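# What the coordinates show
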Amino acid sequence: MTQYLDKAPDAGRRSRKAADPSAVKVVEVLIVGAGFAGLGSAIQLRKAGITDIAIVERGTEVGGTWRDNQYPGAACDIPSNLYSFSFAQNPGWTRGYSGSREILAYIKGLARDHDLLPLIRFQHNVEALHFDGGEGVWTVTLTGREPIKARSVVMAQGPLSNAGFPNMRGIETFQGKKIHSARWDHSYDFAGKRVAVIGTGASAVQIIPELVKVADKVKVFQRTPGWVLPRFDFQSPEWTKALFAKLPVSQTAVREAMYWIHESMALGMIWNTPMTKALEILGNRFREAQVKDAWLRRQLTPDFKIGCKRVLMTNDYYPALQKPNCELISWPIANISEKGIRSVEGLEHQVDCIVFATGFEVSKNGTPFPVHGLGGRDLNAEWSGGAQAYKSVQVSGYPNLYFTFGPNSGPGHNSALVYMESQIDYIVRSIGRLAAGKLKYIDVRADAQKTYNVDIQKRLAKTNWNSGCKSWYLSADGFNSTMFPGFATQFAKQMATFRERDYRLV
Ligand code: N01
């Protein structure tokens, strides 16, 4: 192991700080966010013997994206046996693909069963992070509260946690009700209302079938039609639940089978192969079977490769669009007016409510709050041309800081939780190394990070995500800082090795 002296510009402040009698307690690990990643990190850290943990959560409940996304029809498009932690399997899933309430109940169960609630400080909103290279400590600034000091920080605030209304001309003039998919207003009664839905992505295709059941009229504003494939959902039979509870290895076997089925999908979804064509044929046949009207079918036909944007797994979206009270509008939106939405051909669609299923503000070119590393360097500025990290979890110059769902860790074909578990294991190993070596900090080397990213970007250039469509995976200028160009198995393999020579150990 190579030991390096701390040459950080702020190292000179060390002795002054060390002499400060008012020095506050330094938490060993501070986790930002109490969703899947934050709670999973806490569970695995504790298992590794790291117990001095605090979790800060800006909300009043655990659950992250599954607490926020409670729109009607919200469900996961990955089977529950795979969209859960392998170390906390749930034999009681009621469906093949569970709804958001059941997933939220599972997350709450994780917090309860692993006794994590005492670690969580609710309504603690992080405003900034500053690293002191002299002390090897992060200062976490919070809104209206005393700052917290921590040796290591795990960013588990989620990539899809910031929902916002899109920047559309006239949006502030609309006199009716505005609802964002990720901030649903359950008190609003849709019965008898004229509703517009903007967006036809993963959230919209789940919301629309529910809205057409209650609203008087639903107008769906589509900018880009996506690829739709059937979802093989079913109610879990009682005997499988009993079997999984009695014999957990049987559930592990089912999970394993699902993992490999999803892995095989990568061949068609990530890269352009004969399987891509086969999946497109399946998508075309599905549309032909479900959509009778030729013009509507034409409007719903994507003009990009399958996998380029997230594939929509739904059986009831196309049927919902054909209900008498539903209408697909593929004219682009010109502006929002006082009474509704004006499309470019000049029509004003008057509605009582607009549902914005328009996605999230994803931090591709920055961090959700200012992060200052060694010598005051600013991660927002460094990421302005596109976020980059080492193996998605660490960034050079920002020691002891870890990302879950960091740059280039997104899957297009397999469960996000599979990726999350290997990131968490890596983070636990790194924090364990810090503690075992009584190190002040661990900082990834800039050259190791660069080599890693050159390879990732080369591989991304050959994927379907970079094949020409626009999606939230890419920045405005087409840089892909979100997806991992490979199988989940490859991602797990790279995360399984902690190469000490890629780090400065101080
Ligand atoms: O958001 P999206 P989402 N004018 O960005 C349209 C996860 N998720 O909330 O395609 C007009 O996918 C936009 O049009 P276009 C999943 O990872 C998972 O649906 O950009 N339209 C698009 O149709 C997913 O990828 C589950 O042309 C505008 C839609 O709004 C991610 O969340 C379920 C517009 C946005 O689609 C985000 O999904 C739900 C504008 N100005 C979500 N701006 C699971 O099942 C945007 N649009 C796990």
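You'll find the structure just up there.
Structure report, in brief. (Residues numbered from 1 in each chain as written. Predicted model: local features only at pLDDT ≥ 70, side-chain atom pairs only at ≥ 80, totals over all residues. Heavy atoms only, no water.)

Our focus in this paragraph is the site of the ligand. Taken together, the neighbourhood of the ligand is formed by 22 residues, with Asp77, Ser203, Thr224, Lys309 and Trp472 sitting nearest. Taking alanine 75, its main chain carries an N or O atom lying 3.0 Å from an oxygen atom of the ligand. Notes on the ligand: free accessible area 910 Å², of which the protein chains cover 83%. A breakdown of the residues in the shell around the ligand according to their chemical character gives 10 nonpolar, 8 polar and 4 charged. Among the domains, domain 1 (21-162 + 361-444 + 487-505) and domain 2 (171-227 + 271-356) are the pair contributing at least three residues each to the shell around the ligand. (Near = heavy atom within 4 Å. Polar contact = N/O pair within 3.5 Å; in protein donor to acceptor, adjacent residues only side chain to side chain. Areas by Shrake-Rupley, 256 points an atom, 1.4 Å probe, with all protein chains shown as cover. Nonpolar A, V, L, I, M, F, W, Y, C, P; charged D, E, K, R; others polar. Domains from an automatic or database assignment.)

The subject of this paragraph is the packing of helix H2 (residues 36-47) against helix H12 (residues 416-436). Closest axis-to-axis distance for the H2/H12 pair is 9 Å, and the angle between their directions is 45 degrees. One way to sum up the angle between H2 and H12 is to call them oblique. By crossing handedness, the relation of H2 to H12 is classed as right-handed. Of H12, the residues touching H2 (which contributes Phe36, Ala37, Gly40, Ser41, Gln44 and Leu45) are Leu417, Met420, Ile424, Asp425, Val428 and Ile431. The class makeup of the residues in the contact of H2 with H12 is 8 nonpolar, 3 polar and 1 charged. (Axes fitted to C-alpha atoms, helices over the stretch in contact; angles between N-to-C directions. Helix = DSSP H or I, 4+ residues; strand = E, 2+ residues; numbered from the N terminus. Parallel < 35°, antiparallel > 145°, perpendicular 65-115°, else oblique. Left-handed = near helix turned anticlockwise from the far one by under 90°. Contact = heavy atoms within 4.5 Å.)

A positive phi angle, near 55 degrees, is found at aspartate 115, a position not held by glycine. Given a relative accessible area of 46%, aspartate 115 falls into the partly exposed group. Phi is positive for glutamine 123, which is not a glycine, with a value near 55 degrees. Among the structural elements, glutamine 123 can be located in the loop between strand S3 (120-122) and strand S4 (126-132). (Buried < 20%, exposed > 50% of the residue type's maximum accessible area, 1.4 Å probe, protein only.)

Moving on to the nonpolar core. Nonpolar side chains tend to gather and get buried jointly when the protein is soluble and globular. In this structure, Ile31, Phe36, Leu39 and Ile55 are the most contacted members of the largest nonpolar core, which totals 65 residues. In terms of residue count, the dominant contributor to this core is H12 (10 residues). Not counting the four nearest positions on each side in its chain, isoleucine 31 is found in contact with Gly38, Ser41, Ala42, Leu45, Ile53, Ala54, Ile55, Val56, Val154 and Ala156. Core analysis: the second largest hydrophobic core is formed by 32 residues, Val218, Val220, Leu296 and Tyr318 among them. (Core = buried A, V, L, I, M, F, W, Y, C linked by side-chain atoms within 4.5 Å.)

We now examine the sheet that holds strand S13 (residues 333-336). Taken in spatial order, the 3 strands line up as S13-S14-S15 in an open sheet, and their pairing is antiparallel. Both edges of this open sheet fall to S13 and strand S15 (348-350), since each of them pairs with a single strand only. When the angles between neighbouring strand axes are averaged without regard to direction, this sheet yields 25 degrees. Both S13 and strand S14 (residues 340-343) contribute to a ladder of 3 bridges, which runs antiparallel. Along S14, the bridge assignment pairs asparagine 335 with arginine 342. (Pairing = 2+ DSSP bridges.)

Turning next to the state of the cysteines. Tallied over the entire structure, the rule returns 1 disulfide. In this model cysteine 308 forms its disulfide with cysteine 469; the gap between the sulfur atoms is 2.1 Å. One quick way to see it: the torsion about the S-S bond of cysteine 308 and cysteine 469 is about -100 degrees, and its sign makes the bridge left-handed. In this pair, cysteine 308 sits in the loop between helix H9 (294-299) and strand S11 (312-313) while cysteine 469 sits in the loop between helix H13 (446-460) and helix H14 (488-496), placing the two residues 161 residues apart along the sequence. For cysteine 469, a relative accessible area of 10% translates into the label buried. (Disulfide = S-S within 2.5 Å.)

Nothing here speaks to function; it is all geometry.
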